[in-house]
Amino acid sequence: MSSKKDQTFPMNAWYVAAWDAEVSRKLLARTICEKDLVLYRKLDGTAAALADACWHRLVPLSAGRLEGDELVCGYHGLRFNTSGRCTHMPSQETINPSACVKSYPVVERHRFVWIWPGDPAQADPALVPDLGWFEDPDWAGDGRMTEVRADYRLVIDNLMDLTHETYVHASTIGNEALAEAPFKPSYGAKTASITRWVLDGEPPPFWAAQLDKPGLVDRWQYIHFLAPSIVVLDVGVAPAGSGAPQGDRSQGVSMWVIHVPTPSRLDTCYYFWCHLRNYRQHDQGLTRRIMDAAGGILREDEDVIEAQQRAMERNPGRDFNNLNIDAGSLWARNRIQALIDAEAPALLKVVGI
Amino acid sequence: MRNLDQWYEATLTSSVQITPTVRQFTIDCPQIATSAPGSHINVRVYIDGRPDHRSYSVVGHPSEGGVIIAVKYLPQSRGGSAYMWSLAAGARIWLTPPASDFELSFNSAEYLLLAGGIGITPVIRMAETLMSQGKPVRLLYAARSRDELAYAGRLQEALAHRLEVFVADEERFIDLAQAINSLAPAGELYMCGPLGLMEAVRAIWTASTRDISRLHYETFGSSGRHPAKAFSVQISNLGIEVQIPQDRSLLDALSDAGVQVLSDCRRGECGLCALEVVAMEGEVDHRDVFFSPEQHRETRFICACVSRMAQGRLVIETAYEGDPVLRTLP
């Protein structure tokens, strides 16, 4: 058990484990918050998650197979039902009463399959963050998942300071004006936010194509971190002077960009992302083109973040120097730490210390 | 990138008064053998029983087996010097390995060193090192009175005519513009001293065609234009008022009161602890180097880690806005 200081994520939270379409009758192995899981769909279509290690000799159950709703270990054929209880053992008439694997609370909502790695008694489905844009007919789009070899907090840092767009994404969404525009950080109990407007500026190439109107634009970025691992971006552009800063975005184009870096191990994460737009919602070719463009942009982020993780590992005694622009990421890390600190005693109870 | 804090337990072997307001401390810490000129250590201090730390420049290593620092007693400060002065030989002391944010380059054509008062401490070993390497160096050292010129003898021996002292009591002041103008265009300036001195030098330097990267300075944010005194602040978005004692920083007093404020460097350099000023009557004693002189005049923000009210009334706002509503349901 790592010390409280080394803990980088709270355990008592809903984490996105997979896109809805990733979970099927084929067994899916995922490691969420250092817990190895196997995910699958039951015959009734609902998702289930069990610990991915057979009670008998720890072989990953994800290497076995499904029979009905039961998982059959690929080594000696032990079977486990969806609550993790063993229902069959080879060459014996009885079943060892203590034989079970841990089952994890699962909720499927807003196109994601969420799991709760901590104390199951606290796994209230009402605590799943509201990403209701996915069900809202005004918003259309799709996304993907990329495995990133980095601490999930580096992905959050990257999103909470979008001045990096100027340097990392110069050919698509970044420009000089963005890096120099003033920003305002704020925080709440479980959130941290950064607000930035670039008024009367040249639109970067990606946004110019989305807006498809000539002239300068007012550009907004409202970045919201929802502890412990979601960042939603309310971003867009409107023709300069068309009233967007005053609240009228009708002449512009808006996106909600959903970023979910779920901690896998301490130094890796699953990066789920999705771009939802409020224009040309029926144009499925556009959905694909935005997803492909975003994939390229995200690849640039991943390169930087993975290089940063490697550099951190090569400099174990060293820490970041933070700048004023890091206020958003520091508030976000601060909110994460508050959740970790709050659950420390309960966590000790769970692991039996 | 910087070093993570690592603390060594050590013993204070001697404490000697070297001027009316400066004591020299020799610390036996076998883990620390050497340090770069200009580097400092952090020492754990206790203010009203609460642990805190202060940074002190390393002025020497006795026979490579210890650490020597010098501490000026500042009665109207936050209490670090009073704690240090209370220690007697044999005391246990906790310190970090030397670190340098004030590194000496060795490839400059010419060096001008400027020190004011206790600001001499990081400069001493820079001067000695440059002399021993035969570099063209000039040290201008100012103090209030002649008996406050700590280490004058040691410097005189190392630098001879390359040392010039300026004693305010004797009406001798550094002509900063002249000193800077006579430095070779590619020369470097290293300085440490009171905020006023450093600001004056920065102003002259930026007004010239000299590259700002050749101006090096170090600040621990402990000096301002006014003595530290108690004051109170209203926090408009939280609807509370907080008293700031004379020996606590605004940042520490706010965090004692449960007010959440970001911070990192805690010496007025990074700007993370800047708080929005909603209303102000009187005068803010800005002690940071994050904001420009123009921004200090405007006083739209105050750096909570070092800056204080000199007099008057202050209303600020923190970043707390509560959790936003992101989706408006139809």
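Scroll up for the structure.
Asker: It is not clear to me how the overall build of chain A should be interpreted in this structure. Could you clarify?
Answerer: Counting its secondary structure elements, chain A contains six helices and 19 strands. Over its C-alpha atoms chain A spans a radius of gyration of 22 Å, differing by no more than 12% from the 20 Å that the globule rule assigns to 353 residues. Principal-axis analysis of the C-alpha atoms places the extent of chain A at approximately 80 × 50 × 35 Å. When burial is assessed residue by residue, chain A has 53% of its 353 residues classed as buried. Across chain A, the fraction of contacts at a sequence separation of at least 24, relative to all contacts at a separation of at least 6, is 59%. When the accessible area of chain A is evaluated, it comes to approximately 15,400 Å², of which 52% is carbon and sulfur surface. Placing the 36 positive and 45 negative side-chain charges of chain A at their respective mean positions leaves the two points 5 Å apart.

Asker: Honestly, the sheet that holds strand S1 (residues 15-19) of chain A in this entry has me stumped. Any pointers?
Answerer: Strand pairing in a sheet relies on backbone hydrogen bonds. The paired strands run either parallel or antiparallel. All names here are of chain A. Taken in spatial order, the three strands of this open sheet run S1-S11-S10, and their pairing is antiparallel. Here the strands that pair on one side only, and so sit at the sheet edges, are S1 and strand S10 (106-109). Put simply, the sheet's adjacent strands are angled 30 degrees from each other on average, direction ignored. Relative to strand S11 (residues 112-115), S10 is paired through four bridges, and the arrangement is antiparallel. Note that in S11 the partner of Arg109 across the bridge is Phe112.

Asker: What is the right way to read the interface of chain B and chain A from this model?
Answerer: On the chain A side, the residues contacting the 22 residues of chain B number 32 residues. Together, the buried faces of chain B and chain A total about 2,500 Å²; carbon and sulfur atoms form 52% of this surface. Inspection of the region where chain B meets chain A yields three salt bridges. The shortest N-O distance in the salt bridge between Glu276(B) and Lys184(A) comes to 3.5 Å. Counting the contacts that link chain B with chain A gives 10 residue pairs in polar contact (both at pLDDT 80 or more). Tallied by class, the residues present in the side of chain B that touches chain A amount to 11 nonpolar, four polar and seven charged.

Asker: I tried to follow the sheet that holds strand S16 (residues 230-239) of chain A on my own but got confused; where do I start?
Answerer: All names here are of chain A. With antiparallel pairing, the seven strands of this open sheet are ordered in space as S12-S18-S17-S16-S15-S14-S13. In the strand order of this sheet, the two ends are held by strand S12 (140-148) and strand S13 (183-187), each with one partner. Within this sheet the neighbouring strands show an average axis-to-axis angle of 15 degrees, counted without direction. Sheet analysis places strand S14 (residues 191-201) next to strand S15 (residues 217-226), joined by nine bridges and oriented antiparallel.

Asker: Help me understand the pattern of salt bridges in this model?
Answerer: Pairs can form between side chains of opposite charge whenever their charged atoms are close. Residue and element names in this part refer to chain A. Inspection of the entire model under this criterion finds 36 salt bridges over all chains. Between Arg111 and Asp142 there is a salt bridge; the shortest N-O distance is 2.9 Å. One end of the pair, Arg111, is in the loop between S10 and S11; the other, Asp142, is in strand S12, with 31 residues separating them in the sequence. The partly exposed category is assigned to Asp142, whose relative accessible area is 26%. Here Glu306 makes a salt bridge to Arg299, at a shortest N to O gap of 3.8 Å. The structure contains a network of salt bridges with shared partners spanning Arg65, Glu67, Glu70 and Arg79.

Asker: For this particular structure, what's the right way to read unusual backbone geometry?
Answerer: With glycine set apart, most residues show a phi of negative sign, and most peptide bonds adopt trans. Between Ala227(A) and Pro228(A) the backbone carries a cis peptide bond, its omega angle lying at 5 degrees. The backbone of Arg111(A) shows a phi angle near 65 degrees, a positive value even though the residue is not glycine. Here the phi dihedral of Ala160(B) falls at roughly 50 degrees; this positive angle occurs in a residue that is not glycine.

Asker: Sorry, what's going on with the nonpolar core here?
Answerer: Among soluble globular proteins, nonpolar side chains are generally buried collectively. The biggest cluster of nonpolar side chains holds 91 residues, and the ones touching the most others in it are Phe112(A), Leu131(A), Trp133(A), Met160(A), Phe225(A) and Ile258(A). Residue contacts for Leu131(A): discarding those within four places in its chain leaves His110(A), Phe112(A), Trp114(A), Ile230(A), Val232(A) and Ile258(A).

Asker: For this particular structure, what's the right way to read the environment of Arg85(A)?
Answerer: All names here are of chain A. By secondary structure assignment, the location of Arg85 is in the loop between strand S7 (79-80) and strand S8 (86-88). Judged by its relative accessible area of 42%, Arg85 is partly exposed. A C-alpha to C-alpha distance of 43 Å links Arg85 and Ala294, two positions 209 residues apart in sequence. Separated by 3.0 Å, the side chain of Arg85 and the backbone oxygen of Pro97 make a polar contact.

Asker: Would you mind going over helix H5 (residues 284-314) of chain A with me for this structure?
Answerer: The periodicity of an α-helix, 3.6 residues per turn, causes residues three or four positions apart to be oriented the same way. Residues and elements named next belong to chain A. Counted at 1.5 Å a residue, the expected span for H5 with its 31 residues is 45 Å, and the 44 Å between its end C-alpha atoms agrees. Along H5, the residues classified as buried are Leu286, Thr287, Ile290, Met291, Ala294, Ile297, Leu298, Asp301, Glu302, Ile305, Glu306 and Gln309. If you follow the buried residues of H5, they end up packed against S12, helix H1 (152-160), helix H2 (165-168), helix H4 (205-211), strand S17 (253-263) and strand S18 (269-277). Put simply, Asp283 is the residue that caps the front of H5, since its side-chain oxygen is 3.1 Å from the backbone nitrogen of Gly285.

Asker: Can you help me understand empty space enclosed by the protein in this one?
Answerer: The gaps left among the atoms become clear once a water-sized probe is rolled over them. Residues and elements named next belong to chain A. One pass over the structure, following the stated rule, counts five cavities of 30 Å³ or more. As a volume, the largest cavity reaches approximately 250 Å³. At six residues, the largest contribution of residues to the lining of the largest cavity is made by H5. Of the volumes computed, that of the second largest cavity is approximately 50 Å³. If you list the elements that add at least two residues to the lining of the second largest cavity, you get helix H3 (176-180), S14 and S15. When grouped by side-chain class, the residues that make up the lining of the second largest cavity number five nonpolar, two polar and two charged.

Definitions and limits used
One numbering rule holds for all chains: residues counted from 1, following each sequence as written. The lettering of chains begins at A and the numbering of ligands begins at 1, in the order of writing. Only residues with pLDDT of at least 70 are given local features in this predicted model, and only at 80 or more are side-chain atom pairs given and counted; all residues enter the totals for whole chains, interfaces and linings. Excluding hydrogens and water, the side-chain figures rest on all heavy atoms present in the structure. Under the scheme used here, helices are H or I runs from DSSP no shorter than 4 residues and strands are E runs no shorter than 2 residues, and both carry numbers assigned from the N terminus. With C-alpha atoms as the basis for the radius of gyration, the globule rule is written as 2.2 Å multiplied by the number of residues raised to the power 0.38. Each residue's exposure class comes from its accessible area (1.4 Å probe, protein chains only) as a fraction of the maximum for that residue type: buried when under 20%, exposed when over 50%, partly exposed otherwise. Whether two residues are in contact is decided by their heavy atoms: any pair within 4.5 Å suffices. Only the protein chains shown count as cover for residues, with accessible areas throughout obtained via the Shrake-Rupley method and a probe of 1.4 Å. Charged residues are defined narrowly, with Lys and Arg counted positive, Asp and Glu counted negative, and His plus the chain ends left uncounted. Lysine's charge is taken at NZ, arginine's at CZ, aspartate's at CG and glutamate's at CD. Two strands make a pair as long as DSSP finds a minimum of two bridges between them. In this analysis, axes come from line fits to C-alpha atoms, helices being fitted only over the stretch in contact, and the angle between any two N-to-C directions falls in the range 0 to 180 degrees. Two parts placed together each lose some accessible area under a 1.4 Å probe, and adding up what both lose gives the buried area. The term salt bridge refers to a side-chain nitrogen of Lys or Arg lying within 4 Å of a carboxyl oxygen of Asp or Glu. In protein, a polar contact requires one atom able to donate a hydrogen and another able to accept it; more generally it is a pair of N or O atoms within 3.5 Å, and residues adjacent in sequence count only if both atoms are side-chain atoms. By the convention adopted, Pro, Cys, Tyr, Trp, Phe, Met, Ile, Leu, Val and Ala count as nonpolar, Lys, Arg, Asp and Glu as charged, and the other residues, Gly among them, as polar. Here, the term nonpolar core denotes a set of buried Ala, Val, Leu, Ile, Met, Phe, Trp, Tyr and Cys residues that are joined through side-chain atoms within 4.5 Å. Expected helix span is given by 1.5 Å per residue-to-residue step, counting one fewer step than there are residues. Throughout, the protein atoms alone are placed on a 1 Å grid, and a set of points is a cavity if a 1.4 Å probe fits but cannot get out or a pocket if it is open with protein on both sides within 12 Å along at least five of seven lines; lining residues have an atom within 4 Å of a point. Grid points are joined across faces, edges and corners, and a volume is the space filled by probe spheres set on the points.

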